[in-house]
Amino acid sequence: MGFTSRGNPSFFFFFFFLCLSTVSAYINNNTSSNNGEEVVRRELASGRCNWFRGNWVYDVKYPLYDPYKCPFIDPQFNCKKYGRPDNAYLKYRWQPSSCSLPRFNGLYFLRRMRGKKIMFVGDSLSTNMWQSLSCLIHAWVPNTRYTLLRQKGLASLTFEEYGVTLMLYRTQFLVDLNVEKVGRVLKLNSIKQGNMWRGMDVLIFNSWHWWTHTEHIQPWDYMEDGNRLYKDMNRLIAFYKGMTTWARWVNAYVDPSKTKVFFNGVSPTHYEGKDWGEPMNSCRSQTQPFYGRRYPGGTPMAWVVLNKVMRRLRKPVHWLDITGLSQLRKDAHPSAFSGNHPGNDCSHWCLPGLPDTWNVLFYSTLFSS
């Protein structure tokens, strides 16, 4: 049984390309043994292919960890604890079309990253991914000592025997959000908080989720671009401006000989069933991935903007292009089974679940680049 990755947009064709041309015009103008570790090395060096094109296959060996044995999962992602009755969503493994992904080996990760700091930078989807990686590693060393520290906006998990620290820096937009006399100002050209990200061995960024929020869940009152304040602007243009500021920070402050940089791509939502041909539905009660060679909802415009930014970076950044493979997983959200979001959460992802695949892709890229 397989489910293939994203194709070109097929619904709302004219509208998509009208939006694309508008934004593009703006942008263009403006194992525990040595033998086990050798197996891992061979897997990681076994050749390159596009890991982000493939299909979801049912695998009885999944999930990669037991949610009841991982101490790091927040209530909002802990779907089994909060009553999700089905299990099939736990059993899907991503299979690239022309190769196989290396198997995640937590011991290999800890030994290769001994003494290093890995920081996730972004919103709650970065939290999703940070907790996933923590669980993946913990499953390999369940009895090892660790230290978990949490404070507002920053968390760290250190596996003490190896000196490996997984950090999480929470920021909704990557660019600065300041409280000033006029109110809360989203500064599209400022990224002073970037000082907190320097000195890391690995950085994994993410942004988009909060750029679309409006009204009472919008966390800013004004956007600042240059010396002008705006009550609002086209969110895709704002996203482009903010990501361009982030790219400038990478170009200015990242030393590729000391720090590897990743960007986890646009994570899709599944609130609107019309995106996969079920207009009366959402992610709620979905128990299987999308069947089909092309995802009807098409490529998100945020992906197009991010692609433009990535192509203009001067420093090496590994883009984890998880959008297409994640679009297929309409079944993988907490929906009604979240401890923090009563109602229907079709934005975040259950753990174990889809973010584990993001981390397998991160692991594969980290040790093969």
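Bear in mind the structure is a predicted one, so any value in this text is a computation, not a measurement.

What counts, and at which threshold
Residues numbered from 1 in each chain as written. Predicted model: local features only at pLDDT ≥ 70, side-chain atom pairs only at ≥ 80, totals over all residues. Heavy atoms only, no water. Helix = DSSP H or I, 4+ residues; strand = E, 2+ residues; numbered from the N terminus. Buried < 20%, exposed > 50% of the residue type's maximum accessible area, 1.4 Å probe, protein only. Areas by Shrake-Rupley, 256 points an atom, 1.4 Å probe, with all protein chains shown as cover. Pairing = 2+ DSSP bridges. Axes fitted to C-alpha atoms, helices over the stretch in contact; angles between N-to-C directions. Parallel < 35°, antiparallel > 145°, perpendicular 65-115°, else oblique. Contact = heavy atoms within 4.5 Å. Nonpolar A, V, L, I, M, F, W, Y, C, P; charged D, E, K, R; others polar. Phe/Tyr/Trp six-rings, centres within 6.5 Å; stacked < 30°, edge-to-face > 60°. 1 Å grid on protein atoms, 1.4 Å probe; cavity = no way out; pocket = protein on both sides within 12 Å on 5 of 7 lines; lining within 4 Å. Points joined across faces, edges and corners; volume = space filled by probe spheres on them. Disulfide = S-S within 2.5 Å.

## Quick notes on the overall build of the chain
Across its full length, the chain holds 8 helices and 13 strands. Split into buried and exposed, the 369 residues of the chain put 58% on the buried side. Within the structure as shown, the chain displays about 16600 Å² of accessible surface, and the carbon and sulfur contribution to it stands at 51%.

## Points about the pairing of strand 2 (residues 92–96)
Here strand 2 lies mainly inside the structure; 4 of its 5 residues are buried. Bridging between strand 1 (residues 54–58) and strand 2 involves 5 bridges; their strand directions are antiparallel. Paired with Val-57 across the bridge in strand 2 is Arg-93.

## With respect to the packing of helix 4 (residues 124–138) against helix 8 (residues 354–366)
Where helix 4 contacts helix 8, the axes come no closer than 9 Å and their chain directions differ by 75 degrees. One finds that helix 4 runs roughly perpendicular with respect to helix 8. Contacts from Leu-125, Asn-128, Met-129, Ser-132, Leu-133 and Leu-136 of helix 4 reach helix 8 at Pro-355, Asp-356, Trp-358, Asn-359 and Phe-362. Considering only residue class, the contact of helix 4 with helix 8 consists of 7 nonpolar, 3 polar and 1 charged.

## Focus: the packing of aromatic side chains
Taken as a whole, this structure holds 23 aromatic pairs when the rule is applied. Summarising the aromatic geometry, the rings of Trp-349 and Trp-358 are spaced 6.3 Å apart at their centres and angled 75 degrees between planes, so their arrangement reads as edge-to-face. Residue class for Trp-349 comes out buried when judged on its relative accessible area of 0%. Taking the relative accessible area as the measure of exposure, Trp-358 reaches 0% and is therefore buried. Here a set of aromatic residues connected by ring pairs shows up, and it is made of Tyr-169, Trp-197, Phe-205, Trp-246, Trp-249, Tyr-253 and Phe-263.

## Re the sheet that holds strand 6 (residues 164–170)
Read from one edge to the other, the open sheet built from 7 strands follows the order 4-5-6-3-9-12-13, with strand pairing classed as mixed. Among the strands making up the open sheet, the edge pair consists of strand 4 (146–151) and strand 13 (318–320). Strand-to-strand twist of the sheet, defined as the mean angle between neighbouring strand axes without regard to direction, takes the value 15 degrees. Both strand 3 (residues 117–122) and strand 6 contribute to a ladder of 6 bridges, which runs parallel. If you follow Lys-117 over to strand 6, its bridge partner there is Thr-165. Across the sheet, helix 4 is in contact with strand 3, strand 4, strand 5 (154–159), strand 6, strand 9 (202–205), strand 12 (260–264) and strand 13; its angle to strand 6 comes to roughly 165 degrees.

## Digging into empty space enclosed by the protein
Volume-wise, the largest cavity comes out at about 90 Å³. If you go around the largest cavity, you meet 14 residues; those closest to its centre are Tyr-62, Leu-90, Tyr-92, Gly-353 and Asp-356. A per-element tally of the lining of the largest cavity places helix 8 first, with 3 residues. Partitioned by chemical class, the residues of the lining of the largest cavity number 9 nonpolar, 2 polar and 3 charged.

## Focus: the state of the cysteines
Tallied over the full model, the rule gives 4 disulfides. Paired by a disulfide, Cys-49 and Cys-99 hold their sulfur atoms 1.8 Å apart. Separated by 50 residues along the polypeptide, Cys-49 in the loop between helix 2 (34–44) and strand 1 and Cys-99 in the loop between strand 2 and helix 3 (106–112) bring together distant segments of the chain. The disulfide partner of Cys-283 is Cys-346, and the gap between their sulfur atoms is 2.0 Å.

## Topic: the pairing of strand 3
Of all 6 residues in strand 3, 5 are buried; the element is thus mostly enclosed. Alignment of strand 3 against strand 9, held across 4 bridges, turns out to be parallel. Paired with Ile-118 across the bridge in strand 9 is Val-202.

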